[in-house]
Amino acid sequence: MNARLRWRKLVSNFMLTMTGVCAFVSVAVLFFILGYLLFNGGTSINWAFFTQLPKPVGEVGGGMANAIVGSAKLLLAASLLGVPIGFLGGIYLAEFSGATVASVVRYAADLLNGVPSIVIGIFAYAIVVQPFKHFSTLAGAFALGLMMIPITLRSTEEFLNGVPRMLREGAMALGASKWKTISTVIVPAAYRGILTAILLALARVAGETAPLLFTAFGNRFWSQGWAQPTASLPVMIFTYAVSPYEDWHRQAWAAGLVLLGLILIINILARTILSRGIAVPRS
Amino acid sequence: MQSSPNPGLSVNVAATATSGAREAIGSIPLRMKISKVNFYYGTKQILFDINMGIADKRVTALIGPSGCGKSTLLRTLNRMHETVTSSRLEGEILLDQQNILAQDVTLLRRRVGMVFQRPNPFPKSIFDNIAYGPRINGMKGPIAEIVEKSLRHAALWEEVKDHLQKSAYELSGGQQQRVCIARALAVEPEVLLLDEPCSALDPISTAKIEELLVELKSLTTIAIVTHNMQQAARVSDFTAFLLTGQMIEFNPTPQLFTTPSDPRTEAYITGRFG
């Protein structure tokens, strides 16, 4: 009896330790990466990094201004494609569709979410790059936008379904039509959650490299426009990291640091939005 | 007691309210008339051949044990039952002699407002909650005045007038429920339906709302569902007693509670079941 009790306590303590260690490891990975990036790339981050174009091979210095602007343009155009489609589709899914349609759309969205990003890239290459006969910012944005659709769609649906039924009834009892109810009560009640999800989707695609390799391609200079190839931070990291030059390696680390910082800022922004304003009670 | 009906009202209403253009219970005209209503969820029948009237500018209470169909009956009066897709309604419900089932549902709900069991203010400011109905219905006139008038009618103005821009969720449960009443009153409904409006409230808030209902009679016609018999006795002029989806008795409140005409009513109000 006593031995049995001791054994139980041993198992309990062992499992407690294991779960604690694993939790610590998951957090530690992030801080290790952050620290490593700071150590290797921190020295290369200076004013020039944000304002100057890459220097030709052999010259030390220069920056990645074109890649930073390029990434911003890609994300903006991707949002213009992915957010409206995902958002309105999510509204349809949560508010209008029957059970059968909803489950089909939901399943398809989950599958789309699981399509490897390199495949999305090939698809964008075939659909946009080949017909126009050159790489472009828009092609890259198209690929990233596609990736944003399922994330936005599913989270919009989820947050709309989380709005208590009694709020809907309250609006309808005042003579609001279905669309009025959705647009004036349901969506406002859920918008902070939806906005957060959109920001997280943005953060997720911000670091995608594969879909950009043969869509937005890359550019050592300022992009000449939306229909022209552009540099972007992830592709720049890739190109610089595989190069044989010591200075480029340092810059790749710096670019990684900037990209991670960007994603961190978006995440913090998302959390701030979620925690402010009038909270909706759970149903 | 302010809520007691006219002394001459001792007729059995279910028998009186039959047909004709100017129907009345005693001397009080009917605002709504429910005839031969049968109601189903899927294949399950909830209401059986219900006949009753809602007297103009009076409070009509629906009482009965849980699951007797009283809330369902109330929800048919502004067609809120249609939010459940498997529901089916047979029979006729008239509002001012017109069949509500043939009307545009949003217009109907503007005329027949509803307050729910649990306070359900929108996640907006107090002001925007009250202004919601007038805004979506494109009502004329300055919104601020409508808001003030509605809050006064709901006996809430003095408590909230200095912080109309605060979230409605910062108010107490009783105040939230009065926000919901004010919100419903803001579109000037002809009939106000209340579905157990005090069941989530403390006794003091409940007393306030009961007091309010008696005052609101001058403004609108009220139908209230309650599981609380004392509440029905306190606030209503007419009471309908339902049991397993059937209308057992519908009479002026004093009569139903003092000399019930059906033994089942007597059994229920004396607390032998339910």
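Residues numbered from 1 in each chain as written. Chains lettered and ligands numbered in written order. Predicted model: local features only at pLDDT ≥ 70, side-chain atom pairs only at ≥ 80, totals over all residues.

Draft legend 1. Local environment of the interface of chain B and chain A. Contact residues are listed per partner, giving 22 residues for chain B and 16 residues for chain A. Elements that contribute at least two residues to the side of chain B that touches chain A include exactly α3 (105-111), β7 (112-115) and α4 (126-136) of chain B. Examining the composition of the side of chain B that touches chain A, we find that four residues originate from one element, α3 of chain B, more than from any other. Residue composition of the side of chain B that touches chain A, by class: 10 nonpolar, eight polar and four charged. (Contact = placed C-beta atoms within 7 Å. Helix = DSSP H or I, 4+ residues; strand = E, 2+ residues; numbered from the N terminus. Nonpolar A, V, L, I, M, F, W, Y, C, P; charged D, E, K, R; others polar.)

Draft legend 2. Examining helix α6 (residues 137-161) of chain A more closely. Residues and elements named next belong to chain A. Over its 25 residues, α6 runs 36 Å from end to end, which matches the ideal 36 Å to within 8%, given 1.5 Å per residue. In α6, a bend of some 25° at Met148 exceeds every other bend along the element, and Pro150, a proline, comes one to four places later. For α6, the buried fraction is high: 23 of the 25 residues fall into the buried class. (Expected span 1.5 Å × (residues − 1). Bend = angle between axes of the 7 residues up to and from the residue. Buried ≥ 20, exposed ≤ 12 C-beta atoms within 10 Å, placed from the backbone.)

Draft legend 3. Quick look at the environment of Leu74 of chain A. Residues and elements named next belong to chain A. Note on placement: Leu74 falls in helix α3 (residues 65-96). The exposure class assigned to Leu74 is buried, which follows from the 33 C-beta atoms found within 10 Å. Distance from Leu74 to Phe142, taken between C-alpha atoms, is 8.6 Å for residues 68 residues apart in sequence.

Draft legend 4. Molecular detail of the environment of Ser71 of chain B. All names here are of chain B. The residue Ser71 is located in helix α2 (residues 70-76) in this model. Note: C-alpha distance between Ser71 and Asp162 (91 residues apart in sequence) is 36 Å. If we ignore the near neighbours within four places in the chain, the residues touching Ser71 are Asp195 and Val225.

Draft legend 5. Representation of the packing of α3 of chain A against helix α8 (residues 178-206) of chain A. All names here are of chain A. Two numbers describe how α3 lies on α8: the axes approach to 10 Å, and their chain directions differ by 140°. On the basis of the axis angle, α3 is oblique to α8. The crossing of α3 and α8 is right-handed. Residues Ser71, Leu75, Ala78, Ser79, Val83, Phe87, Ile91 and Glu95 of α3 lie in contact with α8, whose contacting residues are Ile182, Ile194, Ile198, Leu202, Val205 and Ala206. Its residues assigned to classes, the contact of α3 with α8 comprises 11 nonpolar, two polar and one charged. (Axes fitted to C-alpha atoms, helices over the stretch in contact; angles between N-to-C directions. Parallel < 35°, antiparallel > 145°, perpendicular 65-115°, else oblique. Left-handed = near helix turned anticlockwise from the far one by under 90°.)

This is a description of form; function is not addressed.
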